[in-house]
Protein chains: 4
Amino acid sequence: MLVKIEGAGVCATDLHAIDGEMEPAGLTLPIVLGHESAGRVAAAGDLVSTVAVGDPVLISPPHTCGLCVACRRGRDMMCAHHQFTGLTVDGGFAEYVVVSERSIVPIPAGLDPASVAPYSDAGITAYHAVKRLSHLIVPGSTVVALGIGGVGHVGLQLLRELGAGGTIVAVDPSPQRRALAASLGADAVLDAIEVPSAVRDLTDGHGADLVMDFVGTDDTHAAGLEMLTRGGTYSIVGFGGVVTMPSAAMVGNETTIVGNLVGSWIDLWEVLQLHARGRLTLKTEIHPLEAVNDVLAQLREGEITGRAVLVPNGREPT
Amino acid sequence: MLVKIEGAGVCATDLHAIDGEMEPAGLTLPIVLGHESAGRVAAAGDLVSTVAVGDPVLISPPHTCGLCVACRRGRDMMCAHHQFTGLTVDGGFAEYVVVSERSIVPIPAGLDPASVAPYSDAGITAYHAVKRLSHLIVPGSTVVALGIGGVGHVGLQLLRELGAGGTIVAVDPSPQRRALAASLGADAVLDAIEVPSAVRDLTDGHGADLVMDFVGTDDTHAAGLEMLTRGGTYSIVGFGGVVTMPSAAMVGNETTIVGNLVGSWIDLWEVLQLHARGRLTLKTEIHPLEAVNDVLAQLREGEITGRAVLVPNGREPT
Amino acid sequence: MLVKIEGAGVCATDLHAIDGEMEPAGLTLPIVLGHESAGRVAAAGDLVSTVAVGDPVLISPPHTCGLCVACRRGRDMMCAHHQFTGLTVDGGFAEYVVVSERSIVPIPAGLDPASVAPYSDAGITAYHAVKRLSHLIVPGSTVVALGIGGVGHVGLQLLRELGAGGTIVAVDPSPQRRALAASLGADAVLDAIEVPSAVRDLTDGHGADLVMDFVGTDDTHAAGLEMLTRGGTYSIVGFGGVVTMPSAAMVGNETTIVGNLVGSWIDLWEVLQLHARGRLTLKTEIHPLEAVNDVLAQLREGEITGRAVLVPNGREPT
Amino acid sequence: MLVKIEGAGVCATDLHAIDGEMEPAGLTLPIVLGHESAGRVAAAGDLVSTVAVGDPVLISPPHTCGLCVACRRGRDMMCAHHQFTGLTVDGGFAEYVVVSERSIVPIPAGLDPASVAPYSDAGITAYHAVKRLSHLIVPGSTVVALGIGGVGHVGLQLLRELGAGGTIVAVDPSPQRRALAASLGADAVLDAIEVPSAVRDLTDGHGADLVMDFVGTDDTHAAGLEMLTRGGTYSIVGFGGVVTMPSAAMVGNETTIVGNLVGSWIDLWEVLQLHARGRLTLKTEIHPLEAVNDVLAQLREGEITGRAVLVPNGREPT
């Protein structure tokens, strides 16, 4: 299928790719980046049955065969024949993208493709990570979100929507992002300084039941583990540092540490249903595709709040 | 322990008891009814360690030994040595009640006992039933609540709080109760007439993924099963009729039918945490304890919206 | 794909089909029956990638599109575009069958196709039903299997393999089948007479935690519900009668009733892995395909122990 | 309650205690060690209702109040008022022990107390750890047990009993322990040398779905993580080293790391039911209590296969 792109989100992983750090994941430069793409079907082969030309669609970046054991189990991001649109094959910082029907998610009526493009990766990554652990978010529990950026501001809302009433604490060094977190329903908002002790103060000395780390540095790894209560879970979405803990402490505190890959096709479909019902907000800022390098530089400097979306010339949403 | 009662909710089960229908459950008349009781600790034995005289408390009605296998598993409403305050031993339509420490749930600071008394039964019954099946409430799913009375109006809110973004449909013949449902966040509100076909219309012909029946008559049993989609679940809280379905249809549609007893101590504790955080609303109307017979008559006539709470003379909340 | 059939199991559903009772499931006569088929790939289209000509394969009877929400979730037997090989399209009581690649499950090395053919339906039906409820089978629990026929004798073994140490009771009126049950690991074996009271005797008066009904008549429905303990689950695989229970009893006993459809592709794949490791035994008797009508008559008379498999002339396993 | 000891298992944690490493866990020397104790009730207070003088019992070492939120949830080893018989209060290397009724587990008829004493800690630790992750052990999966000592040889059997048919690989440098593992049902047995590559060879290059580490050194932590497949889980029971992994690898491989505390009262009860049904074997060697220091020295040298049990003079099992 050929998809005419109307918008593609810009992600920190694009910076990792540019910096040459994604070779272990199968990336060979040069490549057209852009793994959060949305647009409309421009052309489709005879066998395509679930969408028609002109339909608004998201592109789920993981390629999936539909025939291997992982795909059959619904864990299609673990497909035995993995590729990733925008990292290992050409992606959405472009006018058009070619994909298989299995990568297409129809966008519910009334939604503009560019405005939901970032769900293709930021959305399913956050959704997959939160859904796996949502059973831990019960009344009386405390959950901490570290980093309220592109993925984190979606994750924060999902802690509220998929969880069952825990207290949600948002942590970010940026005042703009803390304000965003407060507006999205965080019960408490903290600067990144002295966080472990601040979390203990909020929880009668016990610590957090669940920490979701959307940043992933040596500092956040250490702080995330330090602020857990007994039986607590530290879940990693952003990455970069090294996780270190003596096993005596892991056993004595019954600590769990979870790494999270991107989500599945069904995760993306479910995120879109939530958004269409008004339960999720996606904070985006639109830039022309030509400004891609400026936007990447801004992202590197931490100057983007929410998600930047690149739109090809003349396709701005109306 | 001796608890000075400040409020006790009036439940349809009290009518069943008066009508002599609760003998199979171990009830022998005469007895002091009232199984949704709240007040303050008036006296406590030496071994009591978790509350002090003067503390505001709820009385969880199921007696639990804490030593049998069911109690050890946290399913204490299945305790091998079961009694029930207000049904098999004297309850809260009274000035004082005597209970074991195991039946006491501390009320979070700032809440008035009478205003949360109905959670003792209506709350945990709804909470237990919804929590067991909350994994079925995912984005894209549809849930129907039949009956928005004392238990149902709590259950409706819990479908929203414990679920993960399904569409919630509330059904009640009373316009007042439908208005209450709409104000509590139902996505659609239906009169009880022609409900199965109305639910199919709302779901592109598929039917509901989950139906919670807070009424329990022959009519609601038939309608509840009829409005399910394939793989759907019909869950029964209110009771009275007979459930009937050919097994060929149960197999062909992969139907599940669930009966729900009252909840556990931890269910009641979790409901109170949700309420204290402002995620739940309890609709109550206060009456003097002396008016107990009038209130029971009103309940029988369906004239109570939400829950009536009986308050002993001079203990009205301020 | 074209599959050369080496064996096809004969199922009670074939009798339902012949008797005209499967029209609600989409069956229109005449049709070639046979929904438990196995053989070898005889020809495959260019796009087929997971098997090659000559490979031994099972045919999973439900057709699945791989693109709808149910398929994406791994619940492919709920596919939006459902057909069923051997009931709604021509099946395996034949020399050859045409199927899509999505319906093919490779048979592990060393297994003869005819000897595992019945897993295609009897296997996944039993596996799906037991797997859904295997969390109920814990040490100290009691599970009852009603009916040790084609599906039941597989289900009985799966209660042992997927469960975690419950006591397993097998019930069947046939002495041959009771002997089979004992040889397959049942902890107790009962005739079908006075079963509810016998089960209570075996459980200190409590009753069973789980009853799996592989028969499905009015009698087994009544007996299955009667022998449950509080909080117990009655699960239906065989069908034919009417399930009836007052909701007061369902609530008071916290009863769950579950209907089970056929299983998914992954269920069939997992059953084959279990069999290949020697954890499952399939009791089969081989008949020539030409004897199909005699075999159906024997099945109707209850004269088959385990599963009859029809083999086309000259393809007997060596 | 007063329990007359008939046997107490000797555990590696006793060595940690002697070496002064258990102070963070609340241990202050001197103390009577022995946290795997069994015997008979010698005297009981008036309020004791679940056992009588003379009954054979195990002593579950964690003290539990039965009233806090953790106890109410059935996670009683997380009790807010924690003590541990044999580590923070006097234990079973003695003639008699004093405990609360909540710590007592009745031993099923026909079992000798000394022969099951080690379940009190080795049993519930293994059971708790395996039960939490048993849903990962499905047909087609591979599970590795590192270390087939006192806890490990129970854990190995539980991987088989609680799991659903995965391939089980046992690893130990001792030939005696490898022989024990083979006799207890391991599908493959490996020396500790070159284990990660050997596990990849056994799994077509994929690696293990679950690794249970019953040892816990820097070496086993590194090897355990290295031998995982994508989406795999590394679970820690034995402790001592430091767990280290870059978060990029944890995310890219979707790795989970789990620390496990001791189990709950219900875990111990369930282990005993399994043993009573003949599904578990406990490898023990009986020594007189007076030989405690010799036995501890043997344990330190790795010369115990299974578990040593100390028996007070004159109480040898008959």
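All figures in this text were calculated on a predicted structure; none of them were measured in a lab.

1. Some words on the overall build of chain A
1) Next: When its secondary structure is counted, chain A shows eleven helices and 14 strands.
2) Next: For chain A, the C-alpha radius of gyration of 19 Å lies close to 20 Å, the compact-globule estimate for 318 residues.
3) Next: Considered along the principal axes of its C-alpha atoms, chain A spans approximately 60 × 40 × 40 Å.
4) Next: Taking all 318 residues of chain A together, the buried fraction comes to 63%.
5) Next: Within chain A, counting contacts between residues at least 6 apart in sequence, those at least 24 apart form 69% of the total.
6) Next: With an accessible surface of roughly 11,200 Å², chain A has 53% of that area assigned to carbon and sulfur atoms.
7) Next: Charged side chains in chain A number 19 positive and 35 negative. The centres of these two groups are separated by 8 Å.

2. A few points about helix α4 (residues 122–133) of chain C
All names here are of chain C.
1) Next: The first and last C-alpha atoms of α4 sit 17 Å apart over twelve residues, in line with the 16 Å expected at 1.5 Å per residue.
2) Next: Those residues of α4 lying buried are Ala122, Gly123, Ile124, Thr125, Ala126, Tyr127, His128, Ala129, Val130 and Leu133.
3) Next: Against α5 (150–162), β9 (208–213), β10 (228–236), α10 (265–276) and β14 (307–311) lie the buried residues of α4.

3. Focus: the sheet that holds strand β7 (residues 167–171) of chain D
1) Next: Taken together, twelve strands build an open sheet; the order of strands is β8(A)-β7(A)-β6(A)-β9(A)-β10(A)-β12(A)-β12(D)-β10(D)-β9(D)-β6(D)-β7(D)-β8(D) and the sheet is mixed. Two strands bound the open sheet, and with one partner strand each, they are β8 (188–190) of chain A together with β8 (188–190) of chain D. On average, adjacent strands in this sheet sit at an angle of 15° to one another, irrespective of strand direction.
2) Next: Two elements, strand β6 (residues 142–146) of chain A and strand β9 (residues 208–213) of chain A, share four bridges in a ladder whose sense is parallel. Its bridge partner lying in β9 of chain A, Val143 of chain A is registered against Leu210 of chain A.
3) Next: Strands in contact with helix α5 (residues 150–162) of chain A are β6, β7 (167–171) and β9 of chain A; relative to β7 of chain A, the strand with the most contacts, it is inclined by about 175°.

4. Looking at the state of the cysteines
1) Next: Scanning all chains against the criterion turns up zero disulfides over all chains.
2) Next: Free of any disulfide, Cys71 of chain B has its nearest neighbouring cysteine sulfur in Cys68 of chain B, separated by 3.8 Å.

5. Here we look at unusual backbone geometry
1) Next: Looking along the chain, the bond that leaves Leu29 of chain A and enters Pro30 of chain A is cis, with omega of -5°.
2) Next: For Pro30 of chain A, the position within the fold is in the loop between α1 (12–18) and β2 (37–43).
3) Next: Its identity as a non-glycine residue notwithstanding, Glu254 of chain B has a phi of 50°, on the positive side.
4) Next: Residue classification places Glu254 of chain B among the buried positions, given a relative accessible area of 2%.
5) Next: Notably, Asp204 of chain C is not glycine yet its phi reads approximately 55°, a positive angle.

6. Here's the deal with the packing of α4 of chain C against α10 of chain C
All names here are of chain C.
1) Next: One way to put it is that α4 packs onto α10 with a least axis distance of 9 Å and a crossing angle of 95°. Between α4 and α10, the crossing angle belongs to the class labelled roughly perpendicular. Residues Gly123, Ile124, Tyr127, His128 and Lys131 of α4 lie in contact with α10, whose contacting residues are Asp267, Leu268, Glu270, Val271 and Leu274.
2) Next: A per-class count over the contact of α4 with α10 returns five nonpolar, two polar and three charged.

7. Structural notes on the interface of chain A and chain C
1) Next: Facing 17 residues of chain A, the contacting portion of chain C comprises 17 residues.
2) Next: Taken together, the two surfaces of chain A and chain C that pack against each other cover about 1,500 Å², and 57% of this comes from carbon and sulfur.
3) Next: Of all residues in chain A, the largest losses of buried area upon contact with chain C belong to Leu67, Arg72 and Arg73 of chain A, amounting jointly to 44% of the total for that side.
4) Next: Linking chain A to chain C there are two salt bridges.
5) Next: Between Arg73 of chain C and Glu270 of chain A there is a salt bridge, and its shortest N-O distance comes to 2.4 Å.
6) Next: Summed over the shared surface of chain A and chain C, the result is six residue pairs in polar contact (both at pLDDT 80 or more).
7) Next: Those elements that provide at least two residues to the side of chain A that touches chain C are α2 (69–72) and α10 (265–276) of chain A.
8) Next: A total of four residues in the side of chain A that touches chain C trace back to one element, the largest contributor, which is α10 of chain A.

8. Quick look at the packing of aromatic side chains
1) Next: Here the structure, examined in full by the defined rule, presents zero aromatic pairs over all chains.
2) Next: The cationic tip of Arg72 of chain B hangs over the ring face of Trp265 of chain D; the distance from NZ or CZ to the ring centre is 4.0 Å.

9. Here's the deal with the pairing of strand β9 (residues 208–213) of chain B
1) Next: By the criterion of burial, β9 of chain B is predominantly enclosed, with five of the six residues buried.
2) Next: On the question of chirality, the crossover connecting β9 of chain B to the parallel strand β10 (residues 228–236) of chain B by way of helix α8 (residues 218–226) of chain B is right-handed.

10. Let's talk about the relation of the copies chain D and chain A
1) Next: For the match of chain D to chain A, the screw axis carries a shift of 0.0 Å, the RMSD comes to 0.0 Å, and the turn is 180°. The transformation just described matches what one would write down for a two-fold rotation axis.
2) Next: Here 100% of the interface residues in chain D have copies in chain A that are interface residues too; the copies meet face to matching face.

11. A word on the relation of the copies chain A and chain C
1) Next: With an RMSD of 0.0 Å, the operation that places chain A on chain C is a rotation of 180° combined with a shift of 0.0 Å along the axis.
2) Next: Comparing contact sets, 100% of the residues at the interface of chain A also lie at the interface in chain C, consistent with an isologous, same-surface contact.

12. Side note on the interface of chain D and chain A
1) Next: Listed as interface residues are 35 residues of chain D and, on the opposing side, 35 residues of chain A.
2) Next: Note on chain D versus chain A: buried area summed over both sides is about 2,600 Å², and carbon and sulfur give 56% of it.
3) Next: Along the contact surface separating chain D from chain A lie two salt bridges.
4) Next: The interface formed by chain D and chain A holds 15 residue pairs in polar contact (both at pLDDT 80 or more) in total.
5) Next: Looking at the side of chain D that touches chain A, the elements with two or more residues in it are α4 (122–133), β10 (228–236), β11 (242–246), α9 (247–252) and β12 (256–259) of chain D.
6) Next: Of the residues in the side of chain D that touches chain A, the class split is 17 nonpolar, 13 polar and five charged.

13. Some remarks on the sheet that holds strand β12 (residues 256–259) of chain B
1) Next: Ordered in space as β8(B)-β7(B)-β6(B)-β9(B)-β10(B)-β12(B)-β12(C)-β10(C)-β9(C)-β6(C)-β7(C)-β8(C), the twelve strands form an open sheet in which the pairing is mixed. Edge positions in the sheet fall to β8 (188–190) of chain B together with β8 (188–190) of chain C, since each of these pairs with one other strand and no more. The mean angle between the axes of side-by-side strands here comes to 15°, regardless of whether they run parallel or antiparallel.

14. Examining the pairing of strand β7 (residues 167–171) of chain C
Residue and element names in this part refer to chain C.
1) Next: Burial analysis of β7 places four of its five residues in the buried class, the great majority of the element.
2) Next: Taken together, the five bridges between strand β6 (residues 142–146) and β7 define a ladder with parallel strand orientation. Across the sheet, Leu146 pairs through a bridge with Val171, a residue of β7.
3) Next: Between the parallel pair β6 and β7, the chain is carried across by α5, and the sense of this crossover is right-handed.
4) Next: Where β7 meets β8, three bridges bridge the pair, whose relative direction is parallel. Looking at β8, one finds that Val171 is bridged to Leu190.
5) Next: With respect to chirality, the unit in which β7 leads through helix α6 (residues 175–183) into the neighbouring parallel β8 is right-handed.

15. Re the packing of α4 of chain D against helix α5 (residues 150–162) of chain D
Residue and element names in this part refer to chain D.
1) Next: Between α4 and α5, whose axes approach to 8 Å, the crossing angle comes to 40°. The angle between the axes of α4 and α5 places the two elements in the oblique class. Where α4 crosses over α5, the handedness of that crossing is right-handed. Where α4 abuts α5, its residues Ala122, Gly123, Thr125, Ala126, Tyr127, Val130 and Lys131 lie against Gly150, Val151, Val154, Gly155, Leu158, Leu159 and Leu162.
2) Next: Split by residue class, the contact of α4 with α5 holds nine nonpolar, four polar and one charged.

16. Comments concerning the environment of Val41 of chain A
1) Next: With respect to the helices, strands and loops of the structure, Val41 of chain A is situated in strand β2.
2) Next: A C-alpha to C-alpha distance of 10 Å links Val41 of chain A and Val99 of chain A, two positions 58 residues apart in sequence.

17. Considering the side chain of Thr88 of chain C
All names here are of chain C.
1) Next: Along the polypeptide, Thr88 turns up in the loop between α2 (69–72) and β4 (96–98).
2) Next: Judged by its relative accessible area of 18%, Thr88 is buried.
3) Next: At 2.6 Å, the side chain of Thr88 and the side chain of Gln83 are in polar contact.
4) Next: Among the polar contacts made by the side chain of Thr88, one reaches the main-chain amide nitrogen of Phe84 at a distance of 2.8 Å.
5) Next: Residues contacting Thr88, with those up to four places away along its chain left out, are Ala25, Gly26, Leu27, Ile31 and Gln83.

Criteria and cut-off values
- Residues numbered from 1 in each chain as written.
- Chains lettered and ligands numbered in written order.
- Predicted model: local features only at pLDDT ≥ 70, side-chain atom pairs only at ≥ 80, totals over all residues.
- Heavy atoms only, no water.
- Helix = DSSP H or I, 4+ residues; strand = E, 2+ residues; numbered from the N terminus.
- Rg over C-alpha atoms; globule rule 2.2 N^0.38 Å.
- Buried < 20%, exposed > 50% of the residue type's maximum accessible area, 1.4 Å probe, protein only.
- Contact = heavy atoms within 4.5 Å.
- Areas by Shrake-Rupley, 256 points an atom, 1.4 Å probe, with all protein chains shown as cover.
- Lys, Arg positive; Asp, Glu negative; His and termini not counted.
- Charge placed at Lys NZ, Arg CZ, Asp CG, Glu CD.
- Expected span 1.5 Å × (residues − 1).
- Pairing = 2+ DSSP bridges.
- Axes fitted to C-alpha atoms, helices over the stretch in contact; angles between N-to-C directions.
- Disulfide = S-S within 2.5 Å.
- Parallel < 35°, antiparallel > 145°, perpendicular 65-115°, else oblique.
- Nonpolar A, V, L, I, M, F, W, Y, C, P; charged D, E, K, R; others polar.
- Buried area = accessible area lost by both parts, 1.4 Å probe.
- Salt bridge = Lys/Arg side-chain N within 4 Å of Asp/Glu carboxyl O.
- Polar contact = N/O pair within 3.5 Å; in protein donor to acceptor, adjacent residues only side chain to side chain.
- Phe/Tyr/Trp six-rings, centres within 6.5 Å; stacked < 30°, edge-to-face > 60°.
- Lys NZ or Arg CZ within 6 Å of the ring centre and 35° of its normal.
- Right-handed = clockwise from strand over helix to strand, strands pointing away.
- Least-squares fit on C-alpha atoms with pLDDT ≥ 70 in both.
- Left-handed = near helix turned anticlockwise from the far one by under 90°.

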